Number of protein chains: 2
Amino acid sequence: MKLIASRQNAWFKRLRQAIRDHDAEIVIEGPKAVADAAAGRWHPLARIVREGSPAAADDVVFSAELFDAVAETKATQGVLGLFARPSFTTEALFARHDSVIVALDAVQDPGNVGTILRLAAAFDAAGVITLPGCADPYSPKSIRASAGAILTVPVAALSVPDLLQHARGAGFALYAADAAGSTSPPPPSRAVILLGSEGQGVSPALLSHAQALAIATSDRVESLNVATSAAILLHGSFARR
Amino acid sequence: MKLIASRQNAWFKRLRQAIRDHDAEIVIEGPKAVADAAAGRWHPLARIVREGSPAAADDVVFSAELFDAVAETKATQGVLGLFARPSFTTEALFARHDSVIVALDAVQDPGNVGTILRLAAAFDAAGVITLPGCADPYSPKSIRASAGAILTVPVAALSVPDLLQHARGAGFALYAADAAGSTSPPPPSRAVILLGSEGQGVSPALLSHAQALAIATSDRVESLNVATSAAILLHGSFARR
């Protein structure tokens, strides 16, 4: 265990880049989440510990100043994990025929994406597909909002044509959350539930391939938040399984 | 219309204080929300416009620098409204016997409080009661998350004994969102639905007076976010009316 205190250190640069870009390498915060990720399907690259926090022999120990320069101590409790970004095949998502897949069309707020990941786990969805324009589920803010669900929910980024082709091939029907749709109960299984950006909703190109599902509300609001819509539709789907 | 450019100006100080303290005076952002508030039950004190934005004769016009020192132009579109804080009697909330009241026990995140206000409007709740330890629904962050619902949802702050006394007096049953409760459908009317802080849940003192209501989930998560729980329970209640 060597104490690292230089901003020129390779681990420091790699960690900072992973937090900023969350591309090939992903950062997980907090000792419990880091242990859960390592115990699961995630491939660990390094465990980074803040000077003064309990550390194992092969941990990378950062000085307090260096650690605090990349992460907020309170959320991390002095522990960060650097992992290879997990990857899931689209086939794996469509392999489950006992549940639904959630697909997000240009949901830009990472907090909403993370909250929807948490709902996907809560209501046992097969996975989450992100379509173009969607915030990355592996951003620090989304991971935090997922409250650990990022570790268990399969995620895949797809183009619209690829989504349509996979759904057709696997015999999955498409449903889209849309205020103009029917308020019939959401499908229990073998379906993709599409959720669009607030303001815009699901794009017309996708809507034309989907059955529109509305959530009955009073006329006191114009719309629901996308995570709220996801909660109600996924709960309704789960209740019918 | 005199252009105000000094930080010593009384309107500037009053506005800054209202944004910070949201006590007797409340700030609403954006021309549409300001017009809606003035058209509704809210008592307008001043309309503040950023230099260069369309202004009426009795508007208070701030220099761009002064306006930007108190508010972010994008969210406000150059218009802020200063209003007297609305007040509602507890009796007014309990007067509606065709719906439910939402009560928040130490829900500390203003974004969650605002999201729950929006849900209260969407599912036509009679109002929202905030118990001690709860974030103020009139904070700028909560108002923003409410997406306009702050203008139409009656809100009252109550102590726990006062809530119990009012509920008893009006013949309202208490229900509490609690993972250990029954998954029977939420009550359609004449009930108070209690939601607690994430992590802590509804406090034991309140739970002992309430029927515990759970939301069925998979075992893939430990809990749901409080706004998510509110969405599912209020939607379920609305569906039975």
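Residues numbered from 1 in each chain as written. Chains lettered and ligands numbered in written order. Predicted model: local features only at pLDDT ≥ 70, side-chain atom pairs only at ≥ 80, totals over all residues. Heavy atoms only, no water.

Student: Give me the overall build of chain A: which residues, what numbers.
Tutor: Per the secondary structure count, chain A includes 10 helices and 11 strands. The C-alpha atoms of chain A give 20 Å as radius of gyration, which agrees with the globular expectation for 241 residues (18 Å, within 12%). On the principal axes, the C-alpha backbone points of chain A span a range of 60 × 40 × 30 Å. Among the 241 residues that make up chain A, the fraction classed as buried is 51%. Expressed as a percentage of contacts within chain A between residues at least 6 apart in sequence, the contacts between residues at least 24 apart total 78%. Summed over its atoms, the accessible surface of chain A is roughly 10,600 Å², and 52% of this surface lies on carbon and sulfur atoms. (Helix = DSSP H or I, 4+ residues; strand = E, 2+ residues; numbered from the N terminus. Rg over C-alpha atoms; globule rule 2.2 N^0.38 Å. Buried < 20%, exposed > 50% of the residue type's maximum accessible area, 1.4 Å probe, protein only. Contact = heavy atoms within 4.5 Å. Areas by Shrake-Rupley, 256 points an atom, 1.4 Å probe, with all protein chains shown as cover.)

Student: Requested: an account of the relation of the copies chain A and chain B, with residues and values cited.
Tutor: The transform that puts chain A on chain B rotates by 180 degrees and translates by 0.0 Å along the axis, for an RMSD of 0.0 Å. The symmetry that links the two subunits is that of a two-fold axis. Of every C-alpha in chain A, the one belonging to Ile 232 of chain A sits nearest the axis of rotation, 2.8 Å from it. Interface residue correspondence from chain A to chain B reaches 100%, placing this contact among same-surface, isologous pairings. (Least-squares fit on C-alpha atoms with pLDDT ≥ 70 in both.)

Student: Give a detailed account of helix H6 (residues 110-122) of chain A, specifying residues and quantitative values.
Tutor: All names here are of chain A. With 13 residues, H6 should cover 18 Å at 1.5 Å per step; its first-to-last C-alpha distance of 18 Å lies within 8% of that length. Most of H6 sits inside the fold, with 12 of its 13 residues counted as buried. If you check which residues of H6 are buried, you get Gly 111, Asn 112, Val 113, Gly 114, Thr 115, Ile 116, Leu 117, Arg 118, Leu 119, Ala 120, Ala 121 and Ala 122. By the N-cap criterion, in which a side-chain oxygen at the helix start approaches the backbone nitrogen of a residue two or three places on, H6 is capped by Asp 109, the distance to Gly 111 being 3.1 Å. Count one or two residues on from H6 and you reach Asp 124, which has phi positive near 50 degrees. (Expected span 1.5 Å × (residues − 1). Polar contact = N/O pair within 3.5 Å; in protein donor to acceptor, adjacent residues only side chain to side chain.)

Student: Please set out the interface of chain A and chain B residue by residue, giving values where relevant.
Tutor: Tallying the contact residues gives 29 residues for chain A and 29 residues for chain B. In total, about 2,100 Å² of surface goes out of reach between chain A and chain B, with carbon and sulfur atoms giving 55% of it. Contact with chain B buries surface across chain A, with Arg 118, Arg 220 and Ile 232 of chain A losing the most and accounting together for 30% of the total. Where chain A packs against chain B, one counts two salt bridges. Taking the shortest distance from any N to any O, the salt bridge between Asp 124 of chain A and Arg 220 of chain B comes out at 2.8 Å. At the boundary of chain A with chain B, the tally comes to 12 residue pairs in polar contact (both at pLDDT 80 or more). Going through the elements one at a time, H6 and helix H10 (226-239) of chain A are the ones with two or more residues in the side of chain A that touches chain B. The class makeup of the residues in the side of chain A that touches chain B is 14 nonpolar, eight polar and seven charged. (Buried area = accessible area lost by both parts, 1.4 Å probe. Salt bridge = Lys/Arg side-chain N within 4 Å of Asp/Glu carboxyl O. Nonpolar A, V, L, I, M, F, W, Y, C, P; charged D, E, K, R; others polar.)

Student: Go over the sheet that holds strand E11 (residues 211-213) of chain B with me, naming the residues and quoting the values.
Tutor: Residues and elements named next belong to chain B. What the six strands build is an open sheet, ordered E8-E7-E6-E10-E9-E11; its pairing is parallel. The open sheet has two edge strands, strand E8 (155-157) and E11, and neither has a second partner. Between one strand and the next, the sheet's axes are offset by a mean angle of 30 degrees, whatever the strand orientation. Both strand E9 (residues 173-182) and E11 contribute to a ladder of four bridges, which runs parallel. Across the sheet, Ala 177 pairs through a bridge with Leu 213, a residue of E11. Here helix H10 (residues 226-239) sits on the sheet in contact with strand E6 (100-105), E9, strand E10 (191-196) and E11, set at roughly 165 degrees to E10. (Pairing = 2+ DSSP bridges. Axes fitted to C-alpha atoms, helices over the stretch in contact; angles between N-to-C directions.)

Student: An account of the pairing of strand E7 (residues 127-130) of chain A is requested, with residue identities and associated values reported.
Tutor: Residues and elements named next belong to chain A. On E7, burial covers both faces: Gly 127 and Ile 129 on one face and Val 128 and Thr 130 on the other are all buried. Note: strand E6 (residues 100-105) against E7, four bridges, orientation parallel. If you follow Leu 104 over to E7, its bridge partner there is Thr 130. Once the chain exits E6 it traverses H6 before rejoining the sheet at E7, and the crossover so formed is right-handed. Direction of pairing for E7 relative to strand E8 (residues 155-157): parallel, over a ladder of three bridges. (Right-handed = clockwise from strand over helix to strand, strands pointing away.)

Student: Can you lay out the sheet that holds strand E3 (residues 44-50) of chain B for me, pointing to particular residues and giving the numbers?
Tutor: All names here are of chain B. Read from one edge to the other, the open sheet built from five strands follows the order E1-E4-E3-E5-E2, with strand pairing classed as mixed. Whereas interior strands pair on both sides, the edge strands pair on one side only; in this sheet they are strand E1 (3-4) and strand E2 (25-29). For E1 and strand E4 (residues 60-62), the ladder comprises two bridges, and the chain directions are parallel. Of the residues in E4, the one forming a bridge with Ile 4 is Phe 62. Lying over the sheet, helix H1 (residues 10-21) contacts E1, E2, E3, E4 and strand E5 (79-84), oriented at roughly 90 degrees with respect to E2. Packing of helix H2 (residues 31-39) onto the sheet brings it into contact with E2, E3 and E5, and relative to E5 it is tilted by some 25 degrees.

Function cannot be inferred from these measures alone, as they are strictly geometric.
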